[in-house]
Amino acid sequence: MTARGPGGSESSATPLTDLQLFFTGSFDRALAGTSTPIQLFRHTLRTVDEAIEDRFRRGTPAADLIQHRAWYMDEMLIRAWDRMLGQRAADMALVAVGGYGRGELHPHSDIDLLILCPPSLPDDASGAIERLLAFLWDIGLKVGHSVRTVSECVEEAQRDVGVATNLMEARIIAGSAPLYEDMRRNTDPPGLWPAADFYEAKLAEQAARHRKFHDTAYNLEPNVKDGPGGMRDLQTILWMAQRHFSTADPAALVERGFLTGAEREELIEGRNFLWQVRFALHLLAGRDENRLLFDHQQALAREFGYRDDAHRLAVEKFMKDYYRAVTGLARLEEMLLQLLHEVIFRPPGGKDEAVDPINRRFHVRNGFIEAASPTVFAHYPFALLEIFLLLQQRPTLRGVGAETIRLIRAHRHLIDDRFRGDLRCRALFMEILRQPHGVSRELRRMNRYGILGAYFPAFGQIIGQMQYDLFHAYTVDEHTLHVVANLRRFLLPVHEAEFPLCSRLAARIPKPELLYLAALFHDIAKGRGGDHSVLGADEAYEFCVLHGLGDHDARLVAWLVRHHLEMSTTAQHRDIGDPEVIYAFAKTMGEQMRLDYLYLLTVADIRATNPRLWNNWKDALLKELYLATRQALNRGLENPVERRERVAETREAALALLSDLDAAAVGRFWDTLDEDDYFLRHSPDEIEWQTRQVLSATDDDSLPLVVVREQTARGGTELLIYARDDDHLFALATGALDQLGLNILSARIVTTDDGHTLHTYIVLNEDGTALTHPLRIEEAVDTILQRIASADSRAPRVTRRPARQLRHFLIPTEVVFSSDMRRRYTIAQLVTVDRPGLLARVGRAFVECGLRILHARIATFGERVEDVFFITDQNDLPIDDESRLTALQARLTEILDEP
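Residues numbered from 1 in each chain as written. Predicted model: local features only at pLDDT ≥ 70, side-chain atom pairs only at ≥ 80, totals over all residues. Heavy atoms only, no water.

1. Digging into the side chain of threonine 187
Along the chain, threonine 187 turns up in helix 8 (residues 177–187). Taking relative accessible area as the criterion, threonine 187 reaches 6% and is therefore assigned buried. A polar atom in the side chain of threonine 187 sits 2.8 Å from the backbone oxygen of methionine 183. Dropping the residues within four chain positions of it, threonine 187 is found in contact with Cys153, Val154, Leu167, Leu192 and Arg243. (Helix = DSSP H or I, 4+ residues; strand = E, 2+ residues; numbered from the N terminus. Buried < 20%, exposed > 50% of the residue type's maximum accessible area, 1.4 Å probe, protein only. Polar contact = N/O pair within 3.5 Å; in protein donor to acceptor, adjacent residues only side chain to side chain. Contact = heavy atoms within 4.5 Å.)

Structure below.
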């Protein structure tokens, strides 16, 4: 049987009867009869852990078992303490601290202990303590310990808020109760860590911890314990509450008015969920593991009974529940933090600043907006949206008062179909999107308070939804809000230097709210099956019409959602140097306004998918496509650019840049090149630089020539290889570049009529930066030259190890063939899983099948490779023989599946 899903009820904490009897019976008798107890303790610990694991597998909640395990550990430590310290045991105290002090002990958690000593110890006491600690390690416990006197505890607690926090949770296990009570009295007075100081210190501690996780709970491999919304955040709230209210017990906090009964239940449910996940994670990993690594996510999904269906993987369902749980806890914790702040920092005498009325529903107190009465939302449900508009219109406000946040949470149920059909609510929602300030901030606040998902049910369905891959760094809802934030950034003058073209376009678009609506809907249908772009476009149109937009605007939003992937797909997979590709894309755009809106949405979307995957190369590609399309639209779709016209323009511009060279020499070199292959795929400045490099190589004795241009207009480092024609050169060069840890973004190969070849690669370092350091450039050049000259170069061996996460993704290799519009070459589209040496293997397959690569567009989306190769036969003709394509497909699949 498997463990029940990650939920559960509040724990009873009653020890399991059979093991309790074991301790008080057979264990004590065995211990009394042995002079070498190590094996007995080891065996007993193993027996207890196996019994607890068995109960977990059979459905006992982790909330019970972590307390049972703490109880059993107490019993073991009491016996070890008495056995190893003898008569000295009464003079000192063995104290549990940290999580163990709270009576919570997961399968592989550290056993945190404080050995409390009187001011002076007999000489033999130190030796007894050392023997005890050695014994605990010998029996297999991972012990974290400190040995201190009461005065040392006070001194450390004053100095370090972490120590003070640990001592707040201290619990005596064995030894001197008076000594323990003395420590508690001296480390707990209000003056040691006043509630206000404690609050500020723990808040700073939490902020520093969150920064390690990029301030989001939506990481691909989240940390159950320390990540935002995780167990440590929940404990932080309770620690703060304990410092102020002298209790961390949720039931007692309800009595003191800090929690409502519903909030207590929500807190316990979220805590139990995290306990269940962490308990299973420890068992699965066999160690104190708190990260939900890809290594474990699928196994945990199976453990908790999730199953794949037609639209979603089991692991995606499990992780959606996880993200929803931590999101719910984070929302509750935010409100409780605000409430604690108001309680702790209330002005002396309980007097607040004067109340500043806004309208009959809201006022401002102490810089926070508050509901004028507890019945505001019941009497005026539309105020659940109005409050966010008021926050936008008053940017000096510090936020929402805690009791008002609580009221919002308590009245979310009022947002139903009647609410959504209310013209006031629709007008308020659109007014929020039309505000000049605070659009992104308030949409995020609406999401945190649960209002956005309630008003916009389709958005509620994507909250916490993730895609099990390495490309999408965020859940769908978090990604969507990042897109809106990126769009808002384009409209702010302070950020115009980041993306100048985007800022210029954003400043002139007539209705930014249409962009925000397109952003909100572009991924709204993910996880339902079918084409999410088509489904989302239909929903977007309906939503816009219901919210009073004219038909033209509604159709524009729907069009943007329908085509939101069009620009990135064209830029990364098509030959955008080909006028016919640009013309086809321009026809899809139809007009300049659509192009402007789509360009802004595309840049914002890509940057919000995974920040680490955005680079200057993608920026340059999209910009190149945008500018070429704008030119085509300005020229008129009825008057497309002819290929020969584009070639002539490029030649003329490049020749002007080479005016200092011998025109005849330049002409002789250019005459060896195929015009379509070269002058359409290279810009004038690239042609100028490459021509200079080639003409500098006076004869074949100086070949191969390998040179690097650090930064190009295309946003990457350009690497040029000029050599005698060799079909193996692509495999050799790409193998060398891969071994160097360089990401290859583009490959262009031109074969000359006089038996030479030019290979042009655009590369970046793994962190997305260009090669700039002279030693790094020298290393790249030398490695390529050595690989070309090596005796075993026909089968380059790549020793770079694949990333750990790649092991968990099985993407079957797919190869699809098509022809370009003029049938000048065959297009091979390859989809497979990323791995070191992939392009070198692909190059070998093409050589073995007697085919040549003219051009390659390299696109990697996390673990997924989607490369496009433009190929011909040895006579530079497209491949018409289906048997040859079938053989290439088989060989690519075989060679890419080799270990």
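2. Side note on the packing of aromatic side chains
For the coordinates displayed, the defined rule picks out 27 aromatic pairs. Consider the rings of phenylalanine 456 and phenylalanine 459, whose centres lie 6.0 Å apart with planes at 25°: the pair is stacked. On the accessibility criterion, phenylalanine 459 (0% relative accessible area) is buried. Centroid distance phenylalanine 456 to phenylalanine 521: 4.9 Å. Interplanar angle 50°. Geometry classified as tilted. In this pair, phenylalanine 456 is assigned in the loop between helix 21 (451–455) and helix 22 (457–462) and phenylalanine 521 in helix 25 (residues 512–521), connecting sequence segments 65 residues apart. (Phe/Tyr/Trp six-rings, centres within 6.5 Å; stacked < 30°, edge-to-face > 60°.)

3. Comments concerning the packing of helix 36 (residues 729–739) against helix 38 (residues 838–848)
At their nearest, the axes of helix 36 and helix 38 sit 7 Å apart, and the two run at 170° to each other. Here helix 36 lies roughly antiparallel to helix 38, going by the angle between them. Contacts from Phe730, Ala731, Thr734 and Gly735 of helix 36 reach helix 38 at Leu839, Ala840, Gly843 and Arg844. Classifying every residue of the contact of helix 36 with helix 38 gives four nonpolar, three polar and one charged. (Axes fitted to C-alpha atoms, helices over the stretch in contact; angles between N-to-C directions. Parallel < 35°, antiparallel > 145°, perpendicular 65-115°, else oblique. Nonpolar A, V, L, I, M, F, W, Y, C, P; charged D, E, K, R; others polar.)

4. A word on the confidence of the model for the protein
Of all residues in the protein, 93% have pLDDT values of 70 or greater, and the mean over the chain is 89. Predicted confidence is poor over residues 8–13, with pLDDT under 50, and the contacts of this stretch with residues over four places away or in other chains come to 15 contacts. (pLDDT = per-residue confidence, 0-100.)

5. With respect to the side chain of glutamate 686
Tracing the chain through its elements places glutamate 686 in helix 35 (residues 684–696). In this structure the side chain of glutamate 686 is engaged in a polar contact, spanning 2.9 Å, whose partner is the backbone nitrogen of serine 683. If we ignore the near neighbours within four places in the chain, the residues touching glutamate 686 are Arg681, Arg709, Arg714, Glu718 and Arg748.

6. What to know about the sheet that holds strand 7 (residues 368–371)
One open sheet accounts for four strands, arranged 5-6-7-8; its pairing is mixed. The open sheet has two edge strands, strand 5 (356–357) and strand 8 (399–400), and neither has a second partner. Sheet topology places strand 7 next to strand 8; two bridges connect them, and they run parallel. Following the sheet pairing, isoleucine 369 is matched in strand 8 by valine 400. Running over the sheet, helix 16 (residues 383–393) touches strand 6 (362–365), strand 7 and strand 8 and is turned about 45° from strand 6. (Pairing = 2+ DSSP bridges.)

7. Regarding the sheet that holds strand 3 (residues 143–149)
Reading across from one edge, 3-2-1-4 is the order of the four strands in this open sheet, with mixed pairing throughout. What marks the edges here is a single partner per strand, and that holds for strand 3 and strand 4 (171–175). Across the sheet, the mean angle from the axis of one strand to that of its neighbour is 25°, orientation sign disregarded. On top of the sheet, helix 6 (residues 150–159) reaches strand 2 (111–117) and strand 3; it is set at about 110° to strand 3, its chief contact. Helix 8 contacts strand 1 (93–96), strand 2 and strand 4 of the sheet and is inclined by roughly 100° relative to strand 2.

8. Digging into the pattern of salt bridges
Within this structure, the stated rule accounts for 54 salt bridges. When the shortest N-O distance is used, the salt bridge between glutamate 498 and arginine 489 registers 2.8 Å. Arginine 489 sits in the partly exposed class, given a relative accessible area of 31%. Here aspartate 575 ties to arginine 681 by a salt bridge, and the two come within 3.1 Å at their closest N and O atoms. With aspartate 575 in the loop between helix 28 (566–573) and helix 29 (579–589) and arginine 681 in the loop between helix 34 (675–679) and helix 35, this pair connects stretches of sequence that are 106 residues apart. (Salt bridge = Lys/Arg side-chain N within 4 Å of Asp/Glu carboxyl O.)

9. Describing the environment of arginine 448
Its location among the elements puts arginine 448 in helix 20 (residues 439–448). You can call arginine 448 partly exposed: its relative accessible area is 30%. Considered as a pair, arginine 448 and glutamate 882 are 434 residues apart in the sequence and their alpha carbons are 56 Å apart. One polar contact links arginine 448 to glutamate 334, side chain to side chain, over a distance of 2.9 Å.

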